[in-house]
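# Report on the structure
Residues per chain, in single letters:
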Amino acid sequence: MIAKITLEDAPFILELLNTPNWIKFIGDRNVKTLEEAEIYLQNGILKSYENFGFGFYKLLLKSEDNKIIGTSGLIKREQLEHVDIGFAFLPEYEGKGFGYESSVAIMDLAKNKFNLKKLLAITLENNLNSIKLLEKLGLKYEKKIKPFEDDDELLLFAKELDSEKTTL
């Protein structure tokens, strides 16, 4: 199940941002305290909801009392022409199909609720699991880009959303 992230989710965000794969593939955000996690939420996800109507959503596991297991969502970055999709999970929930299931739901929102025509994704070349998931979702590799200062070169993937039905 997908739900909007709130300030009360700061403990989960603190945990997620400090997992090994977040740090390896997304980058260390230097969020080490609950207060820093709340600031991160206010300046990022919550601001995105306010500015664009969308952002990252928490993924809840119904079978475990709605435990938050990860995030999936949409982000509009100044450096990219179109909105991109992203996802991250707590280590024990990686590789179990939640990324695909949640991303299909997010793509459906992107197309049918937010009327987006094209969706992008960016990832490091060595993030093979992310690349496999993006390809499974129908995103195609376009080119290498370097959108952020002092950052690694990233692979840019894209998919046109208006050409097919995107539902679960």
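Higher on the page you've got the structure.
Bear in mind that the values here come from a model prediction, so they are computed numbers and not experimental data.

Calculation criteria
- The numbering scheme is per chain: residues are counted from 1 as the chain's sequence reads.
- Whole-chain, interface and lining totals are the exception, using all residues; otherwise, since this is a predicted model, local features are given only for residues with pLDDT of at least 70 and side-chain atom pairs are given and counted only at 80 or more.
- Each side-chain value is worked out from all heavy atoms of the structure, with water and hydrogens disregarded.
- For this analysis, a salt bridge means a side-chain nitrogen from Lys or Arg found within 4 Å of a carboxyl oxygen belonging to Asp or Glu.
- A run of H or I in DSSP counts as a helix once it spans at least four residues, and a run of E counts as a strand once it spans at least two, with each numbered from the N terminus.
- Note on exposure labels: buried denotes an accessible area under 20% of the residue type's maximum, exposed denotes more than 50%, and partly exposed covers the range between, all computed with a 1.4 Å probe on protein chains only.
- Where helices are involved, their axes are fitted lines through C-alpha atoms of the stretch in contact, as for all axes, and angles between N-to-C directions lie from 0 to 180°.
- If an angle is under 35 degrees, it is roughly parallel; if it is over 145, roughly antiparallel; if it lies from 65 to 115, roughly perpendicular; otherwise it is oblique.
- Every residue pair with non-hydrogen atoms within 4.5 Å of one another is taken to be in contact.
- Residue polarity follows a fixed list, in which Ala, Val, Leu, Ile, Met, Phe, Trp, Tyr, Cys and Pro are nonpolar, Asp, Glu, Lys and Arg are charged, and the others, Gly among them, are polar.
- Aromatic pairing here means that ring centres of Phe, Tyr or Trp (its six-membered ring) are within 6.5 Å. Orientation follows from the plane angle: under 30 degrees is stacked, over 60 is edge-to-face, and everything else is tilted.
- Take the buried Ala, Val, Leu, Ile, Met, Phe, Trp, Tyr and Cys residues and link them wherever side-chain atoms come within 4.5 Å; each set so joined is a nonpolar core.

### Considering the pattern of salt bridges
Counted by the stated rule, this structure contains 6 salt bridges. A salt bridge links Lys 118 to Glu 142; the nearest nitrogen and oxygen atoms lie 3.8 Å apart. With Lys 118 in strand S5 (residues 118–124) and Glu 142 in strand S6 (residues 140–145), this residue pair connects regions lying 24 residues apart in the sequence. Notably, a salt bridge pairs Glu 160 with Lys 118, separated by 3.9 Å at the nearest N-O pair. In this pair, Glu 160 sits in strand S7 (residues 154–160) while Lys 118 sits in strand S5, placing the two residues 42 residues apart along the sequence. Judged by relative accessible area, which is 40%, Glu 160 ranks as partly exposed. Here the residues in one salt-bridge network are Lys 118, Glu 142 and Glu 160, joined through shared partners.

### Describing the environment of Phe 52
Among the secondary structure elements, Phe 52 is positioned in helix H4 (residues 45–52). You can call Phe 52 partly exposed: its relative accessible area is 40%.

### Examining the packing of helix H1 (residues 10–17) against helix H3 (residues 34–43)
Here H1 crosses H3 at 95°, and the two axes come no closer than 8 Å. The pairing of H1 with H3 is recorded here as roughly perpendicular in orientation. Residues Ala 10, Pro 11, Ile 13, Leu 14 and Leu 17 of H1 lie in contact with H3, whose contacting residues are Leu 34, Ala 37, Glu 38, Tyr 40 and Leu 41. Along the lines of polarity and charge, the residues of the contact of H1 with H3 split into 9 nonpolar, no polar and 1 charged.

### Topic: the packing of aromatic side chains
Under the defined criterion, the tally for this structure stands at 5 aromatic pairs. With 5.2 Å between their ring centres and 70° between their planes, Phe 54 and Phe 114 make a pair best called edge-to-face. In this pair, Phe 54 sits in the loop between H4 and strand S2 (56–61) while Phe 114 sits in the loop between helix H5 (98–112) and S5, placing the two residues 60 residues apart along the sequence. Of the two residues examined, Phe 54 and Phe 114, each falls in the buried class. An angle of 70° between the planes, with centres 5.9 Å apart, marks the rings of Tyr 141 and Phe 157 as edge-to-face. You can see Tyr 141 sitting in strand S6 and its partner Phe 157 sitting in strand S7, a full 16 residues away along the chain. Accessibility expressed as a relative area gives 43% for Tyr 141, which makes it partly exposed.

### Regarding the nonpolar core
Counting 44 residues, the largest nonpolar core has Leu 74, Ile 85, Leu 116 and Leu 119 as the members making the most contacts within it. Setting aside its immediate chain neighbours within four residues, Leu 74 contacts Ser 48, Phe 54, Gly 55, Phe 56, Val 83, Asp 84, Ile 85, Ile 106, Ala 110, Phe 114, Leu 116 and Leu 119. Among the nonpolar cores identified, the runner-up in size contains 10 residues, and Leu 80, Leu 120, Ile 122 and Leu 156 belong to it.

So yeah, pure geometry; function would need other evidence.
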